[in-house]
Amino acid sequence: MEIIREPERMQALALRLRREGKRVGLVPTMGALHAGHLSLLEHVRRDCDVIVVSIFVNPIQFGPGEDLERYPRDLEGDAEKLREVGCHVVFAPDVGSVYRPGARTRVIVEELEDVLCGASRPGHFRGVATIVTKLFHLVQPHVAVFGQKDAQQAILLQRMTRDLDFPVELRIAPIVRDPDGLALSSRNAYLDAQQRSEALLLQESLRSAYRLVDAGERDAEILRRHVREHLSSGKQLRIDYVDLVDAQTLRPLRRLDGRALLLLAAWVGKTRLIDNLALEVRHNEVREVALEHIPGEETR
Ligand code: PAF
């Protein structure tokens, strides 16, 4: 496994691999790798010759007062885990080589970037869209995979990939959970035992809403309220948002009919966590669906 620190070297390798006809799969991460990240590699392994995992804590997607400084960093430990699961290239550039002095360009995905998580994290998604654009240019992947846990990010990046004609197939991998249901996240490391048990309310509230839909409820506001009430039993839990939206436009729904995304964000103590559930209602039947299988709006 090769570790590359310089963007120029990464791009030179990517161009060589392309010339040699190799298929490249990219797994973008910010490091502090857990089983959820490692599972992403399996979504590119089957049809890619070379797997590149990028590790870069992207400063421009963190707002003032967020956890940029304390975000867990462990390049050596991450490299060890990646070696074990058969990664070929780790791309781990320094901040100064990615954002050179004088850099002024940002990528904005209108309408999708300033709602939900974007409303409470202004600038976050333009930071994400900008770094992923740069990674697409530097790594030249045929396929890139993102986790469904960051559902808004995945939907926005899908939109960006189409809008900017990147020749990249974007895949969305299902959420990986601990046995008790908590979605894996590098930020779970910040939780103490009490907070961790309150964090379980996130997944439980989504499941509880699902049961309500299964019992026939279709009113989106009743479902949102139900989730909020469920979460309110957490003493250290503060809701950021709960919403039920169209899974392509992220616009709030009035009634559940077809495919939808129920998603939420909450602070548990000082840690902000997110979770979501993609579902489909057809002929009065409800089922959980993978976000991957919710087709994007056709543009051409
Ligand atoms: O999901 C993440 O870890 C990050 O937002 C990403 C996609 C690697 C961009 O920094």
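Look up a bit, the structure's there.
Residues numbered from 1 in each chain as written. Predicted model: local features only at pLDDT ≥ 70, side-chain atom pairs only at ≥ 80, totals over all residues. Heavy atoms only, no water.

Draft legend 1. A look at the overall build of the chain. In terms of helices and strands, the chain carries 9 helices and 10 strands. Against the globule reference of 19 Å for 300 residues, the chain gives a C-alpha radius of gyration of 19 Å, in line with a compact fold. The principal-axis extent of the C-alpha atoms belonging to the chain is close to 55 × 45 × 40 Å. Here the chain, with 300 residues, has 54% of them falling under the buried criterion. Long-range contacts, defined here as pairs at least 24 residues apart, represent 73% of the contacts in the chain between residues at least 6 apart. Here the chain has roughly 14,100 Å² of accessible surface; of this, 49% comes from carbon and sulfur atoms. Distance between charge centroids for the chain: 2 Å, based on 43 positive and 45 negative side chains. (Helix = DSSP H or I, 4+ residues; strand = E, 2+ residues; numbered from the N terminus. Rg over C-alpha atoms; globule rule 2.2 N^0.38 Å. Buried < 20%, exposed > 50% of the residue type's maximum accessible area, 1.4 Å probe, protein only. Contact = heavy atoms within 4.5 Å. Areas by Shrake-Rupley, 256 points an atom, 1.4 Å probe, with all protein chains shown as cover. Lys, Arg positive; Asp, Glu negative; His and termini not counted. Charge placed at Lys NZ, Arg CZ, Asp CG, Glu CD.)

Draft legend 2. Region of the structure containing empty space enclosed by the protein. Applying the stated criterion across every chain yields a total of 2 cavities of 30 Å³ or more. For the second largest cavity, the calculated volume is near 70 Å³. Leu182, Ala183, Leu202, Leu273 and Ile274 are, among the 13 residues lining the second largest cavity, the residues nearest its centre. At the level of elements, helix H8 (193–214) and strand E9 (271–282) are the ones that each hand at least two residues to the lining of the second largest cavity. Each residue belonging to the lining of the second largest cavity can be placed in one class, and the counts come to 6 nonpolar, 4 polar and 3 charged. (1 Å grid on protein atoms, 1.4 Å probe; cavity = no way out; pocket = protein on both sides within 12 Å on 5 of 7 lines; lining within 4 Å. Points joined across faces, edges and corners; volume = space filled by probe spheres on them. Nonpolar A, V, L, I, M, F, W, Y, C, P; charged D, E, K, R; others polar.)

Draft legend 3. Local environment of the site of the ligand. Every residue close to the ligand is listed here: Pro28, Thr29, Met30, Asn58, Gln61, Val128, Ile131, Phe146 and Gln153. Between the ligand and Gln61 there is a distance of 2.6 Å, counted from an oxygen atom to a side-chain nitrogen or oxygen. Here the ligand loses 89% of its free accessible area of 290 Å² to cover by the protein chains. Counting residues per element, the ones that place at least two in the shell around the ligand are strand E2 (24–29) and helix H6 (124–139). (Near = heavy atom within 4 Å. Polar contact = N/O pair within 3.5 Å; in protein donor to acceptor, adjacent residues only side chain to side chain.)

Draft legend 4. Structural view of the side chain of Ser186. As for its position among the elements, Ser186 is in the loop between strand E6 (169–173) and H8. Engagement of the side chain of Ser186 in a polar contact is seen with the backbone oxygen of Ala32, the distance being 3.2 Å. Filtering out sequence-adjacent residues up to four positions away, Ser186 remains in contact with Gly31, Ala32, His34, His37, Tyr71 and Pro72.

Draft legend 5. Spotlight on the sheet that holds E2. Read from one edge to the other, the open sheet built from 6 strands follows the order E1-E4-E3-E2-E5-E6, with strand pairing classed as parallel. Strand pairing shows two members of the sheet lacking a second neighbour, strand E1 (2–4) and E6, which therefore form its edges. When strand polarity is set aside, the average angle formed by the axes of neighbouring strands in this sheet is 25°. Here helix H1 (residues 7–19) sits on the sheet and contacts E1, E2, strand E3 (50–55) and strand E4 (89–91); the angle it forms with E1, its principal contact strand, is near 130°. (Pairing = 2+ DSSP bridges. Axes fitted to C-alpha atoms, helices over the stretch in contact; angles between N-to-C directions.)

Draft legend 6. Local environment of the pattern of salt bridges. Taken as a whole and judged by the stated rule, the model has 26 salt bridges. Across the salt bridge formed by Asp67 and Arg187, the nearest N and O atoms sit 2.8 Å from each other. Placement of the pair is Asp67 in the loop between E3 and helix H3 (75–84) and Arg187 in the loop between E6 and H8, with a sequence separation of 120 residues. Considered together, Asp67 and Arg187 belong to a single accessibility category, that of buried residues. Across the salt bridge formed by Glu280 and Arg259, the nearest N and O atoms sit 2.8 Å from each other. Placement of Glu280 in strand E9 and of Arg259 in strand E8 (residues 258–268) is noted, with a sequence separation of 21 residues between them. According to the relative accessible area criterion, Arg259 is partly exposed, its value standing at 26%. Put simply, Arg23, Asp47, Glu169 and Arg171 are held in one network by salt bridges that share partners. (Salt bridge = Lys/Arg side-chain N within 4 Å of Asp/Glu carboxyl O.)

Draft legend 7. Quick look at the packing of H6 against helix H7 (residues 151–163). Look at H6 against H7: their axes get within 11 Å of each other, and the N-to-C directions meet at 55°. What the angle tells us is that H6 and H7 run oblique. Between H6 and H7 lies a crossing whose hand is right-handed. Contact residues: Phe125, Val128, Ala129, Val132, Thr133 and Phe136 in H6; Gln152, Gln153, Leu156, Leu157, Met160 and Thr161 in H7. Split into classes, the residues belonging to the contact of H6 with H7 amount to 8 nonpolar, 4 polar and no charged. (Parallel < 35°, antiparallel > 145°, perpendicular 65-115°, else oblique. Left-handed = near helix turned anticlockwise from the far one by under 90°.)

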